[in-house]
Structure formats: C-alpha cells, structure tokens
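What follows is each chain in one-letter form.
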Amino acid sequence: MFKKVLIANRGEIALRIIQACRELDIRTVAVHSTADRDSLHVSYADEGICIGPPSSLESYLKIGRVIAAAEISGADAVHPGYGFLAENAHFAEVLEECGIGWIGPRPETIRSMGDKANARRVAIEAGVPVLPGSKDPLASVHEVVGLAAEIGYPVILKASAGGGGRGMRIVENPDEIASQFSTASEEAERAFGDGSMYLEKYLRSPRHVEFQIFGDHHGNVIHLGERECSIQRRHQKLLEESPSVALDEELRNRMGDAAVALAKAVDYRNAGTIEFLLDDDGSFYFMEMNTRIQVEHPVTEEVMGVDLVKEQLRVASGHKLSFRSGLRPRGHVIEFRINAEHPETFRPSPGKMTTLHLPGGPGVRIDTHAYEEYVIPPFYDSMIAKLIVRGANREEAIARGRRALDLFVVEGIHTTVDLHKKILQDEPFQRGDFSTRFMEDFVKRQAEANKRS
Ligand code: ADP
C-alpha cells in the first residue's frame, strides 16, 4: 500500500480523498493555490504545498508544479480527484516516468476514452449500442450536411474533446447545420485546443443513466449499478439518485453487462463511469466514459455500502478488487448538489458564508469543504457541498431530503438549497416521471404556479 499520497485537487473531493487515506493510514500532501491557503483540505492534510497564484491555469493545472510538489514531499502516488488534471493522459504519463504512482486508469485508456469520437468507435467495436452518428471526426461542412440528412433531424454536434456540458449544439433543421458546425468547431478549438467535432442523433427526452464500473490490475471488471442523472441544468447534473425508477432488473442487467463489456474492451483499471442515454422505449445508447471518480460517487457508496475512494487507493497499489459483482442496492439514495449561485440568474455567488448550519440525523451524509465564515473564492467551481440522503425506499429518501434541506442553513451567499426543496415538492419528480428535459418543464410549471398565486 502507498505510504504517502499527494492530492492534486481542492475542495470537497480533496477532503474526501484525505478521509480515505486516513482510514488506510496513508500520509497526505495537499497542494493549493494562494487563494486556498485557508482551505480545510490544506489544514486536514499532513503536509501542504503552495503551487501558485489563484488562477487554476497557474496552479492546479500546472503539471510541472504538481510533480515538483510530489517529488519534494516524497509522495509515492497522486490522486487527481475529478476535474483539473484527472483526465489528462500526459500528466499520468509524466508521473509514471518519474516513478510516482497514478490513482486512475492507464494513460492510454484516458487518451482513448477522452476523445469522445474515438470512444464511440470503441463502443461500436465492443458491441455496445450508440446513437446513429459519425464514426470518425467530421472532416468538412459537406460531410456534416450529408450525414445529418441521412440520420434525420434533430442532431447534436459535439466537440470530441468536450466536457462539463460544453461544446454541444443541437441542430433542428438543415438551414442551420453548416453555420452551427463552423462556429461550434471554432469554439471547441478555442476552449479545448481541439476543434474536431462529431455528430449524433439528438433524443428529445431521454434519461441520463450511468453505470459505476471498477477494474483492477488482475483482469477483474465489475459494475456497481446505476445512477439516474437526468435532473440537469444546461447539461450539468444537479441532483442524482439510485436506483433509477426507469430500470427493471432485466434492463439493469443488460445495461450493466454493456458497461462491463466496454470497460473490458479497454482493459479498464480503477474507478470509471459509463454514461448512457435511455430512450422512453427502453433502448439505451453509450454516450461517453469518464475515466475518473465522479462528483456523484457517494450515491453509489451509500446505496451499495462501499467506499469507492479507498478501493481506488487499494487497486492502484496493486490489490485485487475487493467488491463482489452483483451487489444489491440498500434502499434509495438521492444526492443534491449545493452550489453557490444566484437562484434566478444561476450566476456564481462567491463570498463569505456568514452562517452555516448543516443537518444531520439518520440517513444524512454531507461532503463539503465549507465552514462558517469560509470565503468562497471566485476562481473555481461553484459547488460548495453535496447533501446525500438515504431511505428505505424512494419515498423515505425524498422525505429525508426535504427534512435535511430545511435544516441546511446558509447565509451570506445564494445557494441551490431552495431550488432543491422545490424540486422535491414537484409532482412529476415525486412520481419519478422525468427526462433530461425536466428542468425546462419544471421552470415553466413554477412560473405558472407563481402566476396563479
Ligand atoms: P459532457 O461530457 O460535456 O458532460 P455528455 O456527452 O456527457 O457531455 O452530455 C451531457 C448531457 O447532454 C447529457 O446528460 C444529456 O442531457 C445531453 N445529451 C448529450 N448527447 C445527447 C443526445 N444525443 N441526445 C439528447 N441529449 C444529449
């Protein structure tokens, strides 16, 4: 087992990784920017090293500085968390060259699945269903126009290097396709340094259902069930739950088998997620693979009774997978992302949290780096906490969520707490009757209700 791990991240995930290391008696090294000097992850870790100014380009994303910090501190492995360098194959390679362990899949896997157009090809070869679309990156406007006509509108243009809900364009009709392709490709070039695009059929109201998978260095690959992530805003997840009400045992097995087949096809090691779109007729299609731990991993931890981050550390140090396949969910789990943002404009709302009261009690877990008087810096992600609730069934999980959100008190900044409370009161949500269009329809229902009252 590793003796000292450097955490190349910040915020709640850095804390989460330090917790796992503590339980395994691994010493921890936190890296931080000057803006995060007073962060909990720094005080909680055994050692802290400042790696640069607030801008993440000059700190958390600076490979040379993170590696220097690992060498100076004598860390024998690096955990990248999610975001920042977590899906940077080059970073993983440099670490390997320096003889420092990497807590994640092999660099070639990260590279191959990180290119979404290539991941689609790998899925097709593994016999996993994908939506009708382009097999190779789109070469010309002419090709785009022809292919879209063949597939039928609407279609979605996606950046091969895209992520975080960015670099996607829905195109409804042939008049828009050529111009949308050119602007989207230019935007992707600017945002990701790679303008290559691919195209697939756009589903009007699918569900986003993803499978947690895990592989080790001994050829074992399993899945740990699904997470329903259809409650999204601007293609970004807001609330996740498990099990999905849309899956019966037969469909769960088929989707799980497809996820495992795909992971095996790339000899996948460590924790990963296979994302699918599920259409209302029960057809499912591979969307992308995330080659890292995800924000919503606690949903699986709570519903399956496992510790995914400790398993990441064990597996990366060469141990065999300790999970059995075929684990059964224990009740129902819902996760609420608490973001510091304005409720109407959804703009980030950084600043000082003058009051913070966190709920507790049965079935409540909170992953956060926030504390009273903490000043949320404006430079990073706006997520300040994850509230995870578990109940014997979905009804009880919803009731616990409501009760916990009522006692989740934040003052000084705006948050998504009230939005979550309203979602829990929404009838279609309560019935489990929703798709990725949920937020769009929900906002309309809310506006109508406000008009009436
Ligand atoms: P990112 O990597 O940027 O998060 P994804 O490919 O995971 O992008 O897609 C994010 C979200 O966009 C999905 O959860 C879904 O809501 C929507 N989406 C993506 N592709 C399609 C599609 N072909 N049809 C309908 N919705 C889609």
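Preceding block: the structure.
Here the residue numbers are simple positions, counted from 1 along each chain's written sequence. Owing to the predicted nature of the model, reporting of local features is limited to residues with pLDDT of at least 70; listing and counting of side-chain atom pairs is limited to 80 or more, with chain, interface and lining totals taken over all residues. To get the side-chain values, all heavy atoms of the structure are used, and hydrogens and water are removed first.

Chemist: Which parts of the structure should I look at to understand the packing of aromatic side chains?
Modeler: Both the distance between ring centres and the angle between the ring planes are used here to describe each pair of aromatic rings. Only centres within 6.5 Å qualify two rings of Phe, Tyr or Trp (six-membered ring in Trp) as a pair; their planes then separate them into stacked at under 30 degrees, edge-to-face at over 60, and tilted for everything else. With the rule as written, the count across this model stands at twelve aromatic pairs. Between Phe438 and Phe442 the ring centres are 5.4 Å apart and the planes differ by 20 degrees, which places this aromatic pair in the stacked class. On the criterion of helical spacing, the pair formed by Phe438 and Phe442 is a turn pair, its members being four residues apart in helix α15 (residues 438–452). Taken individually, Phe438 and Phe442 each receive the classification buried, so the pair is uniform in this respect. Taken together, the ring pairs in this structure connect Tyr60, Phe84, Phe379 and Tyr380 into an aromatic cluster. Think of it as a cone above the ring: NZ of Lys or CZ of Arg counts as a charge over the ring if it is within 6 Å of the ring centre and within 35 degrees of the ring normal. One cation-aromatic arrangement involves Arg207 over Phe434; the distance from NZ or CZ to the ring centre is 4.8 Å. Note on conventions: DSSP H or I runs of at least 4 residues are helices, E runs of at least 2 residues are strands, and numbering of each starts at the N terminus. Throughout, exposure labels follow a simple rule: accessible area from a 1.4 Å probe, protein chains only, divided by the maximum for the residue type, with under 20% read as buried, over 50% as exposed, and the rest as partly exposed.

Chemist: What's the story with the nonpolar core in this structure? I'm lost.
Modeler: In a soluble, globular protein the nonpolar side chains are often hidden away together inside. To form a nonpolar core, buried Ala, Val, Leu, Ile, Met, Phe, Trp, Tyr and Cys residues must be joined to one another through side-chain atoms within 4.5 Å. Membership of the largest hydrophobic core comes to 35 residues, with the highest contact counts inside it found for Val5, Ile103, Phe214, Leu224, Leu308, Leu313 and Phe323. At the level of secondary structure, the elements contributing two or more residues to this core comprise β1 (4–7), α1 (11–23), β10 (221–233), α10 (297–304), α11 (308–316) and β19 (383–391). Ranked by the residues each element gives to this core, the list is headed by α1, at six residues. Those residues in contact with Leu224 that sit more than four places away from it in its chain are Gln212, Phe214, Thr300, Met304, Val306, Leu308, Phe323 and Leu327. Throughout, a contact is declared for two residues whenever any of their heavy atoms are within 4.5 Å.

Chemist: Can you walk me through empty space enclosed by the protein in this structure?
Modeler: Empty space among the atoms can be located by rolling a probe the size of a water molecule over them. Cavity and pocket criteria rest on a 1 Å grid covering protein atoms alone: a 1.4 Å probe that fits but cannot get out defines a cavity, protein on both sides within 12 Å along at least 5 of 7 lines defines an open pocket, and an atom within 4 Å of a point defines a lining residue. Grid points are joined across faces, edges and corners, and a volume is the space filled by probe spheres set on the points. Per the stated rule, a full pass over the model turns up two cavities of 30 Å³ or more. Considering only enclosed or pocket space, the largest cavity measures out at about 40 Å³ in volume. As for the largest cavity, its lining consists of Arg10, His369, Tyr374, Ile376, Pro377, Tyr380, Asp381, Met383 and Ile384. Each residue gets one of three labels, nonpolar for Ala, Val, Leu, Ile, Met, Phe, Trp, Tyr, Cys and Pro, charged for Asp, Glu, Lys and Arg, and polar for the others, Gly among them. Taken together, the residues of the lining of the largest cavity break down into six nonpolar, one polar and two charged.

Chemist: Even after reading the chapter, I still don't get the site of the ligand, so can you show me in this structure?
Modeler: Working definition: residue near molecule or strand if any one of its non-hydrogen atoms lies within 4 Å of it. As a structural note, the neighbourhood of the ligand is formed by 22 residues, with Lys158, Gly165, His208, Gln232 and Glu288 the closest of them. Each polar contact in these results corresponds to two N or O atoms within 3.5 Å; when the atoms are within protein, one needs to be able to donate a hydrogen and the other to accept it, and residues that are neighboring in sequence are counted only if both atoms are side-chain atoms. In the environment of the ligand, an oxygen atom lies 3.1 Å from a nitrogen or oxygen atom belonging to the side chain of Lys116. The contact in question runs from an oxygen atom of the ligand to an N or O atom on the side chain of His208, over 2.7 Å. Surface exposure here means Shrake-Rupley accessible area, sampled with a 1.4 Å probe, where a residue is shielded only by the protein chains that are shown. Against a free-state accessible area of 560 Å², the protein chains account for coverage of 95% of the ligand. Those elements that provide at least two residues to the shell around the ligand are β6 (155–163), β7 (166–171), β8 (197–201), β12 (270–278) and β13 (284–290). Counted by class, the shell around the ligand contains eight nonpolar, seven polar and seven charged residues. An automatic or database domain assignment provides the domain bounds reported here. The residues that make up the shell around the ligand include at least three from each of domain 2 (132–201) and domain 3 (207–452).

Chemist: Help me understand the sheet that holds strand β4 (residues 77–79) in this model?
Modeler: Strand order in the open sheet made by the five strands is β3-β2-β1-β4-β5, with parallel pairing throughout. This sheet does not close on itself; its edge strands, each paired only once, are β3 (47–52) and β5 (101–102). Looking at chain direction, β1 and β4 are connected through three bridges and run parallel. In the sheet register, Leu6 faces β4, and the bridge partner there is Val78. Strand pairing requires that DSSP identify at least two bridges connecting the strands.

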